[in-house]
Amino acid sequence: MIRLDDLTKRYGTFTAVAGIHLHVPRGQLYGFLGPNGAGKTTTLRMIAGILRPTAGRIWLGGVDLLADPMTAKARLGFIPDRPFVYEKLTGGEFLRFVAGLYGQDGQTVERRIDELLELFELTQWRDELVEAYSHGMRQKLIISSALVHRPELIVVDEPMVGLDPRGARLLKDIFRGFVARGGTVLMSTHTLEVAEAMCDRIAIIQAGRIVAHGTMAELREQTAAGDVSLEELFLRLTGGRAVRELAAILED
Ligand code: ATP
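The following refers to the structure shown. None of these values were measured; they are calculated from a predicted model.

**What to know about the sheet that holds strand β9 (residues 201–206)**
Here is step 1 of the chain: The mixed open sheet is built from 6 strands, whose spatial order is β6-β7-β8-β3-β9-β10. Looking at strand neighbours, the two that pair on one side only are β6 (76–79) and β10 (209–214), the edges of this open sheet. For this sheet the average axis-to-axis angle between neighbouring strands, irrespective of direction, equals 15°.
Here is step 2 of the chain: Sheet analysis places strand β3 (residues 29–33) next to β9, joined by 4 bridges and oriented parallel. Residue pairing across strands places G31 opposite I202, the latter belonging to β9.
Here is step 3 of the chain: Relative to strand β8 (residues 184–188), helix α6 (residues 165–180) is tilted by about 145°, and along the sheet it contacts β3, β6, β7 (153–157) and β8.
Here is step 4 of the chain: Its contacts with the sheet place helix α9 (residues 230–237) against β3, β9 and β10, and it is angled at close to 30° to β9.

Have a look at this one:
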C-alpha cells in the first residue's frame, strides 16, 4: 500500500506538486499519467525518498517515510526515468552492490541475482562491464536492481522507454505477476495503451493536482464519456481540444 496525504513540493515560489492525496491499495497496479511537467517525476522522487516534500506525508506499506525512512525504503523498489549505473562494475557486481545497500548478501542474494539475470536474459552479460551494455540492457539491469531485495512496493517512472517489444512484454508480465502475489506498483507512463491494458486504476495529474482517478469505468463516469479510449479521456481531462485546435492550425 502506498498513501500520499496532502503531498506538496515547491521549488522556490513554483508549486510543482500541490497537495495531492492518493491511495494505491495492495495488489494493484496503479498508472500515474499526466502531461509534460505535470509533477509525476517530482511525486515519484518524493515517494522514493530522494526529494524532500515541502509538506505532506508519505506512507509505504503503513510506514511513515519521513519518520522512519530506513524501514519505509526497505519496502520499496524504485526504477527512475534516468537511472544511474556504475559503468565500471559488471552487471553481477552492480546487483550485488545494490543488495548490499539493503544489508543483504550471501547465497540467497547470489541465487536471486542469478534468477533476475536469467529472467531478463542478461546471464551471458553477468561478468561484462555495464559500459558495454546497450540502453535496453541497462534498463533491464536497473529493473533487476529494484527487485533484488524483494520489495513489496514498486515505484517506476516511464519503464517502457528503451525496451524492445519482448522486454516490454516481459516487464508487463513481471508487474502483473508481482501484483497478483500481493505487491503494489505505481507506474508513470506516457504510453496510454500500455496503461489502459495493464493498470487496475489510473490517476491523472495536471499542474501538480490530481484531476481524476479510478478505474477506466470510473474515469469514464467522471468525464461523462461513453466507451472511449484512455487517450480520449486523457485529452479531455488535460485540455485535448486545445491540442486538436493547434493541430488544425498546423494543417491549414
Ligand atoms: P515529464 O512528463 O515531462 O517528465 P513530469 O510530470 O515528470 O514531466 P516533473 O519533472 O515532476 O514533471 O516537473 C514538474 C514541474 O516542476 C515542471 O514544471 C518542472 O519544470 C518543475 N521542476 C522539476 N524539478 C525542478 C527543480 N529542480 N527546480 C525547479 N523546478 C523544477
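**Some thoughts on the site of the ligand**
Here is step 1 of the chain: Neighbouring the ligand are the residues Y11, F14, A16, P35, N36, G37, A38, G39, K40, T41, T42 and H190.
Here is step 2 of the chain: T42 places a side-chain nitrogen or oxygen 2.6 Å from an oxygen atom of the ligand.
Here is step 3 of the chain: Bound to the protein, the ligand loses 58% of the 640 Å² it would expose on its own.
Here is step 4 of the chain: Every element with two or more residues in the shell around the ligand is listed here: β2 (14–24) and α1 (40–47).
Here is step 5 of the chain: Looking at the shell around the ligand, the element that brings in the most residues is α1, giving 3 residues.

**Some remarks on the environment of L66**
Here is step 1 of the chain: In this fold, L66 is placed in the loop between β5 (63–64) and α2 (69–74).
Here is step 2 of the chain: Once the C-alpha coordinates of L66 and I47 are considered, the two residues, 19 residues apart in sequence, prove to be 9.8 Å apart.

**A word on the pairing of β10**
On a regular strand, one side chain projects to one face of the sheet and the next to the other, so that they alternate.
Here is step 1 of the chain: Strand direction decides the pairing type here: β9 and β10, joined by 5 bridges, are antiparallel. Within β10, the residue paired with A203 across the bridge is H213.

**Some words on the environment of Q206**
Here is step 1 of the chain: Relative to the assigned elements, Q206 resides in strand β9.
Here is step 2 of the chain: As a C-alpha pair, Q206 and V17 span 189 residues in sequence and 9.2 Å in three-dimensional space.

**Looking at the pattern of salt bridges**
Here is step 1 of the chain: This model, assessed by the stated rule, comprises 14 salt bridges.
Here is step 2 of the chain: Note that R138 and E87 form a salt bridge whose closest N and O atoms lie 2.7 Å from each other. Taken together, the residues span a long stretch of sequence, with R138 in helix α5 (residues 135–147) and E87 in the loop between β6 and α3 (91–101) at a distance of 51 residues.
Here is step 3 of the chain: On the accessibility criterion, E87 (33% relative accessible area) is partly exposed.
Here is step 4 of the chain: The shortest N-O distance in the salt bridge between R112 and E115 comes to 3.5 Å. A residue pair is termed a helical-turn pair when its members lie 3 or 4 positions apart in one helix, as R112 and E115 do in helix α4 (residues 107–119) at 3 residues.
Here is step 5 of the chain: Classification of E115 by relative accessible area gives partly exposed; the value is 43%.
Here is step 6 of the chain: A network of salt bridges, in which partner residues are shared, links R96, E110, D114 and R126.

So, how was this worked out
Residues numbered from 1 in each chain as written. Predicted model: local features only at pLDDT ≥ 70, side-chain atom pairs only at ≥ 80, totals over all residues. Heavy atoms only, no water. Pairing = 2+ DSSP bridges. Helix = DSSP H or I, 4+ residues; strand = E, 2+ residues; numbered from the N terminus. Axes fitted to C-alpha atoms, helices over the stretch in contact; angles between N-to-C directions. Contact = heavy atoms within 4.5 Å. Near = heavy atom within 4 Å. Polar contact = N/O pair within 3.5 Å; in protein donor to acceptor, adjacent residues only side chain to side chain. Areas by Shrake-Rupley, 256 points an atom, 1.4 Å probe, with all protein chains shown as cover. Salt bridge = Lys/Arg side-chain N within 4 Å of Asp/Glu carboxyl O. Buried < 20%, exposed > 50% of the residue type's maximum accessible area, 1.4 Å probe, protein only.

The quantities given are spatial measurements derived from coordinates; they are silent on function.
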